[in-house]
Structure formats: C-alpha cells, structure tokens
Amino acid sequence: MFGKKYIILIIILLYSFHLFSKKQINGLLFSSSEERINDRTSLILFDDSPLKLKDAFRIDFDLAIWDIKQFGYILRIINENKQEINFSFVNFYGEDKIYLDFHSPITHESVQIPFSVQDIEEKRWLPISIIFDLKKDRAEVVSKDSSYICKSIGLQNPSRIKLAFGLYGLNLDVPQMAIRDIRIGEVGGRIHNVPLDGLRNEIVHDDNGKVRGISKNPKWLVYKHYYWEEKAVFESDPTTGIAYDSSRNNVIVVDKDAIFSYSMRYDNERKVLIKDFPFALNSGEAIYDDKTNLLYVYNLEQKTPDSPTMAIINMVNNKIEYKHASMSHRLYHHNAFMGTEKKGFYIFGGYGNHSYSNKILKYNIQTDSWEQVDFTGDEIYSRYFSASGQGKEPSQILIMGGIGNESGKQEHGGRHLSDLFSLDIETKQVKKIWDIKDVHSGFVPCSNLILSEDSTHFFTLCYPQHEVNSTLQLYKFRLSDGSYEVVSDTIHINAEQMETSVYLFYNKQLKEFYTVIRENNVDRKAKILIYSLLSPPVNFSELKSEENQSIFYWVLFSSLFLIIAISAIVLLLRKKRRRTELLALLEKNYQEEKKSQSKKEVDKKNAIFIFGNFAVYDKNNREISYRFSSKLKSLFALILFYSIEDDGVSTDMMSFSLWPDKDLNGAKNTRGVTINRLRNILADISGITLFHQNSKWYFSFDSDFYCDYLEYRKSIKNIKKEMIDEDECMSNLSDIINRGPFFQNIQEDWIDSYKHEYESEIENILWNYIVKLNESKKYVKVIEYSELYFIIDSLNEDVLRLCIHAMQKIGKKEQAITLYNKFVANYKKLMGEDPILSQPM
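Every value quoted in this text rests on a predicted model; they were computed, and no experiment measured them. (Residues numbered from 1 in each chain as written. Predicted model: local features only at pLDDT ≥ 70, side-chain atom pairs only at ≥ 80, totals over all residues. Heavy atoms only, no water.)

Asks: Help me get a handle on the nonpolar core, residues and values and all.
Replies: Phe61, Ile74, Phe87, Phe102 and Phe132 are the most contacted members of the largest nonpolar core, which has 133 residues in total. Among the elements that line this core, the one with the most residues is helix α6 (residues 630-645), at nine residues. Dropping the residues within four chain positions of it, phenylalanine 132 is found in contact with Asp55, Ala56, Phe57, Ile59, Ile77, Phe102, Arg138, Ala139, Ile153 and Leu155. Of all hydrophobic cores here, the second largest spans 26 residues; its members include Val444, Tyr463, Phe513 and Tyr531. (Core = buried A, V, L, I, M, F, W, Y, C linked by side-chain atoms within 4.5 Å. Buried < 20%, exposed > 50% of the residue type's maximum accessible area, 1.4 Å probe, protein only. Helix = DSSP H or I, 4+ residues; strand = E, 2+ residues; numbered from the N terminus. Contact = heavy atoms within 4.5 Å.)

Asks: Give me the environment of lysine 778: which residues, what numbers.
Replies: As for its placement among the helices and strands, lysine 778 is situated in the loop between α11 (752-775) and α12 (779-792). With 28 residues separating them in the primary sequence, lysine 778 and alanine 806 have C-alpha atoms 8.3 Å apart. The contact partners of lysine 778, leaving out residues within four places of it in the chain, are Asp727 and Leu773.

Asks: How would you summarise the confidence of the model for the protein if you had to cite specific residues and measurements?
Replies: When the pLDDT values of the protein are averaged, the result is 85; 88% of them are 70 or greater. Strand β40 (residues 450-451) holds the highest mean pLDDT among the elements of the protein, 97, whereas helix α5 (residues 576-603) holds the lowest, 44. Confidence drops under pLDDT 50 across residues 10-23; counting only partners more than four residues distant or on other chains, this segment forms 20 contacts. A low-confidence stretch, residues 582-602 (pLDDT under 50), is modelled with 11 contacts involving residues beyond four sequence positions or located in other chains. (pLDDT = per-residue confidence, 0-100.)

Asks: Quick one: what's the story with the sheet that holds strand β52 (residues 696-701), residue by residue and with numbers?
Replies: Pairing in this open sheet of three strands is antiparallel, and the strands run β50-β52-β51 from one edge to the other. Each of the sheet's edge strands pairs with one partner strand only, and the pair in question is β50 (649-650) and β51 (688-693). Each of β50, β51 and β52 touches α6; the most contacted strand, β52, lies at about 80 degrees to it. (Pairing = 2+ DSSP bridges. Axes fitted to C-alpha atoms, helices over the stretch in contact; angles between N-to-C directions.)

Asks: Can you tell me about the packing of aromatic side chains, naming the residues and giving the values?
Replies: In total, this model carries 68 aromatic pairs according to the counting rule given. Relative to tyrosine 785, the ring of tyrosine 769 lies with its centre 5.0 Å away and its plane at 80 degrees, an arrangement referred to as edge-to-face. Taken together, the residues span a long stretch of sequence, with tyrosine 769 in helix α11 and tyrosine 785 in helix α12 at a distance of 16 residues. The class of tyrosine 769 is buried, set by a relative accessible area of 4%. A relative accessible area of 2% places tyrosine 785 in the buried class. The aromatic ring of tryptophan 66 is capped on one face by lysine 123, whose charged end is 4.0 Å from the ring centroid. In this arrangement the basic side chain of arginine 180 is found over the ring face of tryptophan 125, its NZ or CZ atom lying 4.1 Å from the centre. (Phe/Tyr/Trp six-rings, centres within 6.5 Å; stacked < 30°, edge-to-face > 60°. Lys NZ or Arg CZ within 6 Å of the ring centre and 35° of its normal.)

Asks: Any details on the pairing of strand β4 (residues 56-65)? Residues and values, ideally.
Replies: Of all 10 residues in β4, eight are buried, a share of seventy percent or more. Summarising the sheet, β4 and strand β9 (residues 126-133) pair through eight bridges and their orientation is antiparallel. Residue arginine 58 lies in a different strand from β9, and its bridge partner there is isoleucine 131. For β4 and strand β13 (residues 177-186), the ladder comprises eight bridges, and the chain directions are antiparallel. Bridge pairing links alanine 64 to alanine 178 in β13.

Asks: Run through the side chain of arginine 330, naming residues and quoting values.
Replies: Here arginine 330 lies in the loop between β26 (320-323) and β27 (335-338). This buried residue, arginine 330, is left without a salt bridge; glutamate 285 holds the nearest opposite charge, at 4.1 Å. (Lys, Arg positive; Asp, Glu negative; His and termini not counted. Salt bridge = Lys/Arg side-chain N within 4 Å of Asp/Glu carboxyl O.)

Asks: Can you break down unusual backbone geometry residue by residue, with the values?
Replies: What is expected of a backbone is that most residues other than glycine have negative phi and most peptide bonds are trans. In this model, asparagine 157 is joined to proline 158 through a cis peptide bond whose omega is 0 degrees. Residue position: proline 158 is located in the loop between β11 (146-151) and β12 (159-166). Note the cis peptide between serine 535 and proline 536, where omega equals 5 degrees. Tracing the chain through its elements places proline 536 in the loop between β47 (526-534) and α3 (540-547).

Asks: Please give an account of the side chain of histidine 334 that cites residues and values.
Replies: Counting through the fold element by element, histidine 334 comes out in the loop between β26 and β27. A polar side-chain atom of histidine 334 sits 2.7 Å from a polar atom in the side chain of tyrosine 298. When near neighbours in sequence (up to four residues on either side) are disregarded, histidine 334 contacts Glu285, Tyr298, Leu300, Ile347, Phe348, Gly349 and Gly350. (Polar contact = N/O pair within 3.5 Å; in protein donor to acceptor, adjacent residues only side chain to side chain.)

Listed below in structure tokens is the structure:
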C-alpha cells in the first residue's frame, strides 16, 4: 500500500514541478535588415516533420516590434507544395498607417491589421492569433480584441505545414521584433507549445523538451535580463554632468561646450539641445526635474566672485537662468534628489576639505542660496559614495551605504557602511531601516537606487571603488531586512580617479535599467559609457538554471521515472532488499555522472573553441558563446590569425576585411563599438588580452587561456620536429579536428584563404601519417585517421583505398562495402560522375 502512495506522490511532484518551473522570461529577439544577411535571425519550426492539420487550426504567439524603421516578414506558413502564407510588418506609408499585412500569394488575397506607434515605442507585447478554417478556405487574424477576415487563402484540407519566422527564402527583409509563446494545433485538438524559453544556442524545443526547430543567429531575451548591453561609448569633458529625463527616456549629458540628449529607445540618436553652452563647469553635477522640466547644472564653489554657480535650463524652451549660490568647498560624490516642492532640490553627504558630510542641504531658488535642513530621529553617519532614491511615499527618500565614519574626519579613517535610512522631507524625520552585518566584501553603491515596482526591494549598482580595475554589478536589496543578491553580470570600470562617477536610471514603460559611467582618467579626459539591462533582472543561478533546463529536465524526469519503475518492481516482487540495492545503484550512477560533468566543465574554463561549433567559456566556467555575434566572431578570428602569423592587424586592414561596404571613416564608429564589445567579453576570460600598439591590434596569451587553434598550431609545429613524439601530436590533432570544421560559422571572403591553407596543411599531414600507419600494419589506426581525413575531404580516393584495405585486413568486409557505397553515392552527387575505383571484395 505504501508503495502505491509513493508512486502517486512522485507523479504529483513531477507534474507540479513541471507546472511551477515554467520560466517567466522567454522570447527570441530577431536581428533585422539593419544587419548583413548572414547575421539576420531565422526560426524554422517543424521543418523535418511538418504538422498534418485538417479542417481548422490556429497559430498563436506574442509579438513585439522594436524598430519602426525596419520593414520585414514576421511569419510564413509553408505547406508541402512549398506554397506560402505571409504575415509581415509594413511601415512604408507614414507613421499614421503602420500595419501588419496577412497575405496569401496563392490567391492574392490579403487583409491589413492596424498597428500603433505607441506599441512600438514601448515595445509592447501584443497577442496575435491566426485561425485557419480549411473547410471554408478562410483565415481570421485576431489582435487587440479585433478580428480581421481574409477569405480564399488557398490551403488544402488537410495540409502539412511548417512555420518560418524572420529570414527565409528569397524575400530577405526582417523587422527588428521579438517573438514568444508560439502555439499551434488543430482547433479542439492537440496544441504544440513552443515558448522560446530555451538557451540552447540554435536548437528550439517545445515545452516538453522535444526538438521542434532551429534558429539561426538567435538572441534569447533572457540574456538581456542578466548581461548589460553596451549602448554608447564616447569621449567628453572630465566635468561632464549626467542627468536623466524619464518622460522622454533620454540621458542628458552636459559638457563644457553643449547640452545634448541620448535617446535610450533608439540607441544612436544623439541630439544637441543647446549649442555653445556658456556655463563654466568645474564639477560634473546635474539633476533633472521631470515635474517642471527644469535641468539644474551646478557647481558647489565659485570659480571667481562674480561667476555663476548654477544654470537652470527650461528644457521646453531652452531658456537659461543663472544663479550664484555657493559653498566653501566642493563635495565629491554627494547625493542629489528632488523634493516635493515645485522648484529646488536637496543634496546629502559628500567628501571635501578632508571631511565627510552628513548635512542635508536644500537649494532655495527664491533666495538663491543653500540652506541646511535639520532633521530629527536616528543618526546618520557622515559619508560619501552613498546611493539615494525615491522611497514608497512621495516625501520619502532612501539613503544607502557609502564610505564614512562617526566623526566625519578623514584622519579617523573611513569604512564601508552597509546601512539604509529613510528621510521624510516633509516631517524632517530620519529613520534607520537596517544595517547589514554580514557583507562578504567591501563595496560602495552608485549614486542612485531604484525602488522596485512592487516596493519590496530596491536596486543599485555596487562595486569595490578602492580597486583600480573594478567591476560593477546590479544588486537587489530587500527593503525590509537588507538581504541581497547579485542580479546582473559585470561592467568593467577604471575607478582610479576620484571624479569617476556611476549613475543608475530606470524606465517604467520599457522596463529597462540604464547605467551611465563617467570614467575619468589621468589625462583630464572622460569617457562616457552607457549600458542597458531588461527588467526583471535575474541572478546567475537563475540564468544557469535556464541554460541547463533541458539537461536538467531530462535527468530529473529520467531519474523520477526510474524511481517509479523501481517502485513498481518493488510492488510486484515485494523484496525490500532488491529495492534498496536498485535505489543505491541509481544514486551512485547519478553522482558519477555529476562528477563527470563537473570535471568536463572545469576543463573548459578560460577557453575558446573555433573548430566545430564556436564555443567560449569564461573564468567562472560559464559558457558565453551567445555573446559573440557573427561580426564579433569575425573580428576575433581576424585578430587571432594576425596575432599568430604577424605582429597584429592594422586598423585599415580590419575595416577593409570586416566592413568592405563602408569607407574608412564610415566604418570608424561601427569598428569602435565592436572592438569595445570584444574587450568587455574578453575581460571575463583570464589569459587573453587585446592590445593596440603601433597602429596594430593583437592578442597576448598566457598559460591560463586555452584555444584549440593555438593548440593546433603547436601540434603542427611539433610534428615538423623529428624529436617530438608524432603519435602524441597526432592524437592531439585528432581531438581538435573531431570537433568539426575550421571556423564553420564564419562566411566572410577574407577567411577563405585561411580555410584553404588549413585544409591543405592538415590534408598533407594526415595523408603522410596514414601512409606510415599502413606501412606499419596499424590497420585500426589507419581506419581512425582516414575517418578524420574525411571530415576535411570526403572525396579523396587514395585515402578511401587505404581505409578499405585496412578494413579488409581486420575482417570488416561488410563495413568496407558500406563505406564504398556511401563514398560512391556522395561522389556522384557532388561530382556528377562515378569515381574510378574497384569495389571491395
């Protein structure tokens, strides 16, 4: 009886786990027609086994169009006769007439579904349903609770269909779009769910883990919830002020020459708001008030007695008003926040004149002065490098962390503070919420914190500012008790200069975090770096869980079903001893498999594999191959080859090879962004560094780093030395070549010569080795290395003869005949004629 209950319980647990472990973050982002054809995204479902559908079926999915400028094909429904039904995004006729077009080239009938600019601006997910009635030869498209009928579509009843999203066939236009939660099936029958929630590179599964299709150049959205995406990098003045206009979703940058905005919705849209900005900046301080549309650009100390210390700019009409309020000294890394009043703002804390501050100062716009505001309640220590942000109530400001001490004196030493305070700017009360005692390492937050939309947590960027080459990560703190977790990958920052500042902003409509870094250097210059991250952010264990889900489900379901099977045997045989032995064996096998997988992961740390499927592993043994776009792979390959064969690749050669359709000036910005992205990725891999010296780019490697191509070159070099063990070198080569072709996913004109040189070199080495093995009558090895040779050249008749001869010598005559027949069929298919060979006896 107990055994039956045990089985039922396991089944319930298995089903419950399947239900509750569904991901909330899923979807596939498509690279659009802005990219080269080889870099655009495609998703083909049910290609190998088209679905047989009759009478009535429906296709449902969620769609988000990300770029209004890119026309393209969203979906094609293709039958067994290669006839298509097209569903596309149309933007030709102005922003007042944007629509989705459902069209049947079979009958030339179509219907238009309206689409709004607002939907695109906010990247809204819109449910789309297409219901096909094959009996009545019609289709119904449902969007936003509206229905649109297309009569006479021309599909047979029944039809065998496959689905193609994005790039497919002769029409190559792809919109920048995101797709998720695809469902297809007969009305009232079985539904196939393809949530697009997997991180399995190009393989696409349904919600039961079954392979349903392939995606080329996929961009899985969940990665945008963990890895920061670089939006812009440019040089600016060291006193540049940074602010954020949430209503327009613009980062405002104020330098000594101008005020301009950077559109976070459209990455490269940099707009000059005020030219020849006359205000003299001697510190990079700015804050924007969304309620009044006023931008405050301020210095805390006067340069001369008559010079203004503040410029208040009306961002509607660009009118500038100058003010003269000042203090005795500058306060580095203070916090600035708006009050509930219509004009004016507050600052808290900061460092200056060898002291830390805990004063709360308000700028009074009527009197043009800084006024100290006295608060009562809990004591808040003097500090700088703290974060501030809006609390639950409009009058509540949160202050978190920083560096400081009780006295405020620098000579008493500063320490990391890990506390949170609430300031009520109406009641003038300070309340301490928590103080974390178990922080594992010292860090400071950035200048801003963002309250979660449910007001249970807040987010801020944290980093060890005392380390020159530091890394930022997004932290999620529980508002009630200070427990926290890291919910993003790293951003690298050079924190050597005191003026270097970090800002965090958030856009509620797009649900995106933005990081802006003003990275100052010793040459009195600054670099502005802007990044974005989708919300909700995820921690690494969640991301890893999603990456490993298909394997995890397989192991979990297999293990549980094995336990059920074992339990059933127990019920039938009623032998407790047998049950215990089987369960123990199951656990042992599972642990051995875990150890094996763990060892395999450790071996791949700090490694890049270019043979076969391109694969990259960082210093934490995480696979980060997906971070390499096609262009980044090409850039890496080009620099790698020139680093080995020469002293590096020149900038002009790089531009000519990778962006041949652009002149040198036109390629400059694209090249700079691509190189910066490669630098950011390589920063997570130990043992490889990208250098730019003497106008050339090259890699430097040390022993921590592994690349199969470097190992390949080393083995080739050793084979040419007579004192080196040839068998060991060939064994190493075998392991490398068996991964697959050399840079198989790069289709660029410049790489063809490298591939040809590789094939000629390895064919010659393999052939000479096979001949030696044959002369030594090592027939098993002859077969092994002949099969390796066929990976590179499947039509070499001389290698085939030696391989067949070796098979016959060891009694594998049937295998020899099979190999011969396969060779002949392949040869005839590719060459159009039969090879001149005698059939093996």
